[in-house]
Amino acid sequence: MTEYDVIVLGLGGIGSGAAYWLAKRGAKVLGLEQFELGHARGESHDHSRIIRYSYFSPAYVRLAKEAYAAWDALESDTGEQVVFKTGGLDIRPRDGAIPLEPYAESMRACGVPFERLDAGEIRRRWRAWRIDDDIHGLFQPDGGLVAAMRATAAHQRAARAHGATLLDRSPVTAIAPSDGEVSVEAGGERYRAGRLVIAAGPWTANALAYFGMRVPLEVTKEQVIYFESRDLESFAFGRFPIWIWMDDPAYYGFPVFGEIGAVKITQDAGGKPVDADTRGFEEDPEITARVTAFLERYLPGALGPVRLSKTCLYTLPPDRDFIIDTLPAHPNVSVAVGAGHAFKFASVIGRILSELALDPPGRVTLIRAGTETSFKIDRPILQMEAPPKTYMV
Ligand SMILES: Cc1cc2nc3c(=O)[nH]c(=O)nc-3n(C[C@H](O)[C@H](O)[C@H](O)COP(=O)(O)OP(=O)(O)OC[C@H]3O[C@@H](n4cnc5c(N)ncnc54)[C@H](O)[C@@H]3O)c2cc1C
């Protein structure tokens, strides 16, 4: 039996962030990952994830400020750039399903600069948009992307440099709480720690079951598509922003970034429910067809042969708010669920998990962001048998 201060279950984007912040604080940390580090079976694998201040509530905007600061700290610690600003455009038809006003109002309330753009100005700045005059947008210059795989690897490297032990191919197969401690079996070994952090992404339900807890989470199989666009130049990094089409369906995309040399575009939350263990990895032709039809209409220059489509999982609470909390009956066990939009927050959620583990009740950052109640694991919607689903972007 080996003893640690904290065990982190799962080393995807969030668990790697937690291992980093915990080890940096001086805790003796063990991170356990069931597959190889950097694997493609969870939620965090790919070259890029959007980061933005533009959110529909001031609490998320404040959390985004904390997120940028956490990435800055990782960059200073490792000397590696992981956040790349491209500018961010939220764009929508006048009758689009997602109103822009809450996004504008939240940024205004938090002192985040942005511009309102009409269709003419959008076409003037980015000639690739073929949009009618009824379309308008918000532009926020600090929007951009986090180099996801690179950021997760940087968290892991820095966690190890601060003394953490990170084990891959070590599936956790038993967890037993006892006397304010937790013992965990993984890869044929038993480990004991004062605290446990659950960062299991699509496998969260399995981990919570050891504590007799059930939370309504839907796991869906999403996909991103890399197009060898016919007008690659218009989508060059530094020329084209990240963007989100604020309607139902919602689409989003990136400029050319990373070694693939293609334009990444897809639909948000367009995937079907799956089981994380039995899911397939094949392309969903319905998503590809919807994205292609969208591009034919609004961004035809982005179209071209599909270089690659990659599948990936979302773990969705019904309100699409995160879960970041300790378990009510086990205050030494904390959990984070990313709700399909958490990579941008992976480092700050890791920091919050370190606060929950090391400074109980540990809600400093959650309180500063105004999110101390909205991310609770026992919030009313998570107690409902058949909760209504709202998957805002
Ligand atoms: C297609 C797609 C696009 C996205 N785009 C964005 C975006 O633009 N911006 C943004 O902010 N977010 C985005 N997200 C969401 C974001 O990527 C996720 O919220 C985030 O990566 C969640 O990280 P995680 O660590 O919770 O999950 P994961 O990365 O899945 O990590 C969980 C880890 O736990 C491990 N694990 C589970 N059970 C066990 C066990 N029993 N023993 C050991 N290990 C275990 C798993 O193997 C896994 O590695 C996107 C997600 C997808 C799928």
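Above: the structure in question.
Residues numbered from 1 in each chain as written. Predicted model: local features only at pLDDT ≥ 70, side-chain atom pairs only at ≥ 80, totals over all residues. Heavy atoms only, no water.

### Examining the pairing of strand 3 (residues 48-51)
- Every second residue of strand 3 is oriented toward a common face, with S48 and I50 on one face and R49 and I51 on the other, all of them buried.
- Here strand 3 pairs with strand 8 (residues 144-147) via 4 bridges, running antiparallel. Looking at the pairing, I51 lines up with G144 of strand 8. (Buried < 20%, exposed > 50% of the residue type's maximum accessible area, 1.4 Å probe, protein only. Helix = DSSP H or I, 4+ residues; strand = E, 2+ residues; numbered from the N terminus. Pairing = 2+ DSSP bridges.)

### What to know about the nonpolar core
- Among the nonpolar cores identified, the biggest contains 79 residues, and W71, F322, F345, I349 and L353 are the most heavily contacted of them.
- The element contributing the most residues to this core is helix 2 (residues 58-78), with 9 residues.
- Built from parts of two domains, this core gets at least three residues from each of domain 1 (2-45 + 149-216 + 319-383) and domain 2 (86-144 + 218-316).
- With near-sequence residues (within four places) excluded, L353 lies in contact with I14, A18, V197, I324, S334, V335 and A336.
- The next biggest cluster of nonpolar side chains, apart from the first, holds 32 residues, and it includes L32, V172, V215 and V333. (Core = buried A, V, L, I, M, F, W, Y, C linked by side-chain atoms within 4.5 Å. Domains from an automatic or database assignment. Contact = heavy atoms within 4.5 Å.)

### Describing the sheet that holds strand 8
- Reading across from one edge, 3-8-4 is the order of the 3 strands in this open sheet, with antiparallel pairing throughout. Looking along the sheet, the strands with just one partner apiece sit at the ends: strand 3 and strand 4 (83-85). Between one strand axis and the next, the sheet turns by 30 degrees as a mean value, whatever way the strands run.
- Strand direction decides the pairing type here: strand 4 and strand 8, joined by 3 bridges, are antiparallel. Bridge pairing in strand 8 links K85 to G144. (Axes fitted to C-alpha atoms, helices over the stretch in contact; angles between N-to-C directions.)

### Observations concerning empty space enclosed by the protein
- Under the definition given, this model contains 1 cavity of 30 Å³ or more.
- A volume near 60 Å³ is recorded for the largest cavity.
- When contributions to the lining of the largest cavity are tallied by element, the ones reaching two or more residues are strand 5 (88-93) and strand 14 (242-245).
- Each residue belonging to the lining of the largest cavity can be placed in one class, and the counts come to 5 nonpolar, 4 polar and 2 charged. (1 Å grid on protein atoms, 1.4 Å probe; cavity = no way out; pocket = protein on both sides within 12 Å on 5 of 7 lines; lining within 4 Å. Points joined across faces, edges and corners; volume = space filled by probe spheres on them. Nonpolar A, V, L, I, M, F, W, Y, C, P; charged D, E, K, R; others polar.)

### Topic: the packing of aromatic side chains
- According to the stated counting rule, one finds 29 aromatic pairs in the structure shown.
- Seen in terms of ring centroids, Y60 and F345 are 6.3 Å apart; in terms of plane orientation they differ by 45 degrees. Their pairing is tilted. Within this pair, whereas Y60 is found in helix 2, its partner F345 is found in the loop between strand 20 (330-337) and helix 8 (346-358), the two being separated by 285 residues in sequence. With respect to burial, Y60 and F345 carry one shared label: buried.
- For the ring pair F84 and F237, a centre distance of 6.2 Å and an interplane angle of 80 degrees mean the geometry is edge-to-face. Taken together, the positions of F84 in strand 4 and F237 in the loop between strand 13 (218-227) and strand 14 put the pair 153 residues apart, joining distant regions of the chain.
- What makes F237 partly exposed here is its relative accessible area of 37%.
- Pairwise contacts between aromatic rings join W129, F235, F240, W243, W245, Y251, F294 and Y298 into one cluster.
- Here R52 stacks its cationic end above the ring of Y55, 4.1 Å away from the centre of that ring. (Phe/Tyr/Trp six-rings, centres within 6.5 Å; stacked < 30°, edge-to-face > 60°. Lys NZ or Arg CZ within 6 Å of the ring centre and 35° of its normal.)

### A closer look at the layout of surface pockets
- For the second largest pocket, the calculated volume is near 300 Å³.
- Around the second largest pocket, the lining is made up of 17 residues, and of these D248, D268, A269, Y391 and M392 lie nearest the centre.
- The greatest single-element share of the lining of the second largest pocket, amounting to 3 residues, is contributed by strand 13.
- The residue makeup of the lining of the second largest pocket, split by class, is 8 nonpolar, 4 polar and 5 charged.

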